[in-house]
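If you want the building blocks of each chain, they are given just below.
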Number of protein chains: 2
Amino acid sequence: MSLLNSTHDPLLRSWVASANSAGCDFPLQNLPFASFRRQGSNEAFRGGVAIGDQILDLAALAASGTLTGAAQAAAQAGAQPRLNALMAMGPAAWSALRLALSEGLREGPAAQRGWQTLLVAQDLAEYGLPAQIGDYTDFYTSVYHATNIGALFRPDNPLLPNYKWVPIGYHGRASSIVPSGQAFHRPIGQTKTPDVEVPRVGPSQRLDIELELGIFVGPGNALGESVPMAEAEDHVFGICLLNDWSARDLQAWEYQPLGPFLAKNFATSLSPWVVTMEALAPFRVPFQRPAGDPQPQPYLDSEHNRAAGAFDIQLAVDLQTAAMRDASQSHAPIVQTSYRHAYWTVAQMVAHHTVGGCNLQPGDLLGSGTLSGPTLDQAAALIELTRGGQHPLALPNGETRTWLQDGDSVVLRGWCEKAGAARIGFGRCEGSILPAKIPSQAM
Amino acid sequence: MSLLNSTHDPLLRSWVASANSAGCDFPLQNLPFASFRRQGSNEAFRGGVAIGDQILDLAALAASGTLTGAAQAAAQAGAQPRLNALMAMGPAAWSALRLALSEGLREGPAAQRGWQTLLVAQDLAEYGLPAQIGDYTDFYTSVYHATNIGALFRPDNPLLPNYKWVPIGYHGRASSIVPSGQAFHRPIGQTKTPDVEVPRVGPSQRLDIELELGIFVGPGNALGESVPMAEAEDHVFGICLLNDWSARDLQAWEYQPLGPFLAKNFATSLSPWVVTMEALAPFRVPFQRPAGDPQPQPYLDSEHNRAAGAFDIQLAVDLQTAAMRDASQSHAPIVQTSYRHAYWTVAQMVAHHTVGGCNLQPGDLLGSGTLSGPTLDQAAALIELTRGGQHPLALPNGETRTWLQDGDSVVLRGWCEKAGAARIGFGRCEGSILPAKIPSQAM
């Protein structure tokens, strides 16, 4: 499934003109999936595919009678409010639908120009979560993040001895995952500094971002079965952007011995568009361990993983304060990094998660963990960028930020580009901070 | 909702004769809920209520035309394959159904003897999970367990400074929660002992039980809203038995810094019957902190919680080895304790979980954590009973157990009894260990 095929040809152009613009996230070579409906309508959510600045409505496509066979079956599954049924179908179905979409949307003899009537402008759409997420697991695949944050929480012991052997992960909260664009209230919780005896209860004062990728599970495995490396990517539907908002002061006080809880379960933001593994094929890169590091154990190793298990996905975080918004100043970049720096691959996450028999189900979500790169300007969380809050970031309008303030808006972006391939993008994952909602009762 | 009413009268008798037997778990004063169907049938699962050795079929009851108003609406919700809709309705609906069931099943002028045709013998039933569980959170509410296990994992630092302030919890895996009776394979994973450089990959050698209670969430809260202590119990549908099977060798190697992962996500067993908060009302006891311990912070405190926030639920673990089974020897008791020893109450779990705005949804599950009591014979996991595997348990047939062996069967039981109240029980939560399933590929 990692081989390039005609759907990747960078010379292909779509009859949807906006898809051919330089810098467009959604050219013909991308074709990511979302769940959408028209803004402010009572329409049912259904699957859609991005093409340029439009969405091809999968419910309308499935009803149009213009597809056949495996592609039609996949479009019908994608017509449902959430994409779980499409995710469950597996790579052959996904690939058949992708080929039919690519052929129908490209200029040339097979162009389905009648699909023009099945398009909805992205400007007029609102998005739901791509799937009903049964379980959400967050990994910790950046050794740079693990080292940076470990040094702040445990100065004497930054990178724990298991890190280079175990793809560390933990179970996250599925109910509080929200679609891009949904604002959330600053969380309240307990914090304790060494100078006080009694913990303080109140709004978090150290609200942070975590720039991550979200990985949607495809068919999955039965309880008690494991997924070997050779099959792991067959269980991955695609990748989106994920912001694992984190309250660092709550986290520091609560996280031992069982891990983060209230520090992360108040909100997690997901981008609407899920970019398929097939669309990402041109951007695979070798997975390499630094010299001297242990090689992955056999159940986490494969020739394919070594040759092409990593992805060069460029990632950026942009921040806009309330003052910037009031002055019509757009979001300012604060981080840029790449997914290629991850210490563990997508396939390794799947193989490790299932080696003990844990069942993954269609629509389950895996988080990559904070994707900090090797240098501090590539750090993907404020706690690292500001070195634990000691060195505030300077913003273009003269403001500074150590932690997020009420009214701040954060946008994650992702894209892939290289010579000889069409640039593809992930769109945006946006979230903004509302003031804490103080309960009327005593805290 | 904590006041006793006519449904608790210990003198009431049912026209279902088996409900009146001494020692029966399911007298008229209990009326717990499960999801069931006839064994080996293709029937739809639906809700049922235990009475003696029978199940009152809620789908048949809802169709019988013998209930009206709120009780009929609740029975209709309970007729679905899982109980989420009934859980979502809240205490007034639950209470109306309980009263109607109690009146119809008791001897006397309101007896609905026609319901005889709506009964299914428990011996002929199989059970599903009571709810579609969206999210599962496991707490850590026994200070004795936290201290015992902390001493083994961190001899210099057994009880962490946050324990007496924060109801510690973490997110668990929902997909691998299985109904009582379902066997599971011994998990495979990485373990590392100090004497080796490279971790071993293979079947867990330190498979353990954790005796817990499972708490099913009722209506729940919207994202961003918190549930105050005064309302917390209105969001609790009921309580069942939960075995949080744990692979201690995997746990020791993987758990830092983000908590248990593969050590616990291979299987979690739930008892079929959910005992309602109303049925438990006679067994409330004061919630008291040991002298010198900090009092709960205001958001975790209420007069009701102090007066009656804890429950005196007796708990036991019984073990049967393959050799015992072959010799027709029944399960042997290895632990007995009570939920009254918990350091945090059900209401405190709900209030803490939501204080930062995390949304609980109907059918979500909270685990109490391992319910070890103050003395070592009340320890609710093998790791404590055997003091880290150093002191094997002697079984009645001359076998010993340090950790669970393939073929072992473990049963959890729970019951409440006191003078002046009818004894009620939780039934059984059973699980058994199959050999590890070694993958064909390299590990």
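Caption draft 1: Fine view of the relation of the copies chain B and chain A. Rotating chain B by 180 degrees and moving it 0.0 Å along the rotation axis overlays it on chain A with an RMSD of 0.0 Å. These values place the two chain copies in the arrangement generated by a two-fold rotation axis. Using C-alpha coordinates, one finds that chain B approaches the rotation axis most closely at Gly259 of chain B, a distance of 2.3 Å. Both copies share a contact surface, since 100% of the interface residues of chain B are interface residues in chain A too.

Caption draft 2: The sheet that holds strand S9 (residues 184-185) of chain B, seen in detail. Residue and element names in this part refer to chain B. Read across the open sheet, the five strands follow the order S9-S26-S25-S20-S21; overall the sheet is mixed. Looking along the sheet, the strands with just one partner apiece sit at the ends: S9 and strand S21 (332-338). Bridge analysis of strand S20 (residues 314-320) against strand S25 (residues 409-416) gives seven bridges, and the strand direction is antiparallel. Note that in S25 the partner of Gln314 across the bridge is Trp415.

Caption draft 3: Fine view of helix H4 (residues 91-105) of chain A. The end-to-end C-alpha distance of H4 of chain A, which contains 15 residues, comes to 21 Å, matching closely the 21 Å that a straight helix rising 1.5 Å per residue would cover. Inspection of H4 of chain A places Ala93, Trp94, Leu97, Arg98, Ala100, Leu101, Ser102, Gly104 and Leu105 of chain A among the buried residues, and these make up the whole buried set.

Caption draft 4: Geometry of the domain arrangement of chain A. Residue and element names in this part refer to chain A. When the domains of chain A are assigned, the result is domain 1 (6-128) and domain 2 (136-442). Between domain 1 and domain 2, the residue contacts involve 28 residues of the former and 27 residues of the latter. Carbon and sulfur atoms make up 67% of the area that domain 1 and domain 2 hide from each other, which totals about 2200 Å². Summed over the shared surface of domain 1 and domain 2, the number is one salt bridge. Arg423 is paired through a salt bridge with Asp25; the nearest N and O atoms lie 3.0 Å apart.

Caption draft 5: Representation of the interface of chain B and chain A in the model. With 64 residues of chain B at the contact, the number on the chain A side is 64 residues. Interface area, chain B with chain A, both sides summed: about 5900 Å², of which 60% is carbon and sulfur. It is His171, Leu258 and Phe261 of chain B in chain B that bury the most area against chain A; as a group they hold 14% of the surface buried on that side. Where chain B meets chain A, there are six salt bridges. Across the salt bridge formed by Glu225 of chain A and Lys437 of chain B, the nearest N and O atoms sit 2.7 Å from each other. The tally of links between chain B and chain A comes to 29 residue pairs in polar contact (both at pLDDT 80 or more). Within the residue set of the side of chain B that touches chain A, elements represented by two or more residues are strand S6 (136-139), strand S7 (169-172), strand S10 (188-191), helix H7 (248-254) and helix H11 (346-354) of chain B. A per-element tally of the side of chain B that touches chain A places S7 of chain B first, with four residues. Tallied by class, residues from the side of chain B that touches chain A come to 34 nonpolar, 22 polar and eight charged.

Conventions adopted
- Residues numbered from 1 in each chain as written.
- Chains lettered and ligands numbered in written order.
- Predicted model: local features only at pLDDT ≥ 70, side-chain atom pairs only at ≥ 80, totals over all residues.
- Heavy atoms only, no water.
- Least-squares fit on C-alpha atoms with pLDDT ≥ 70 in both.
- Contact = heavy atoms within 4.5 Å.
- Pairing = 2+ DSSP bridges.
- Helix = DSSP H or I, 4+ residues; strand = E, 2+ residues; numbered from the N terminus.
- Expected span 1.5 Å × (residues − 1).
- Buried < 20%, exposed > 50% of the residue type's maximum accessible area, 1.4 Å probe, protein only.
- Domains from an automatic or database assignment.
- Buried area = accessible area lost by both parts, 1.4 Å probe.
- Salt bridge = Lys/Arg side-chain N within 4 Å of Asp/Glu carboxyl O.
- Polar contact = N/O pair within 3.5 Å; in protein donor to acceptor, adjacent residues only side chain to side chain.
- Nonpolar A, V, L, I, M, F, W, Y, C, P; charged D, E, K, R; others polar.

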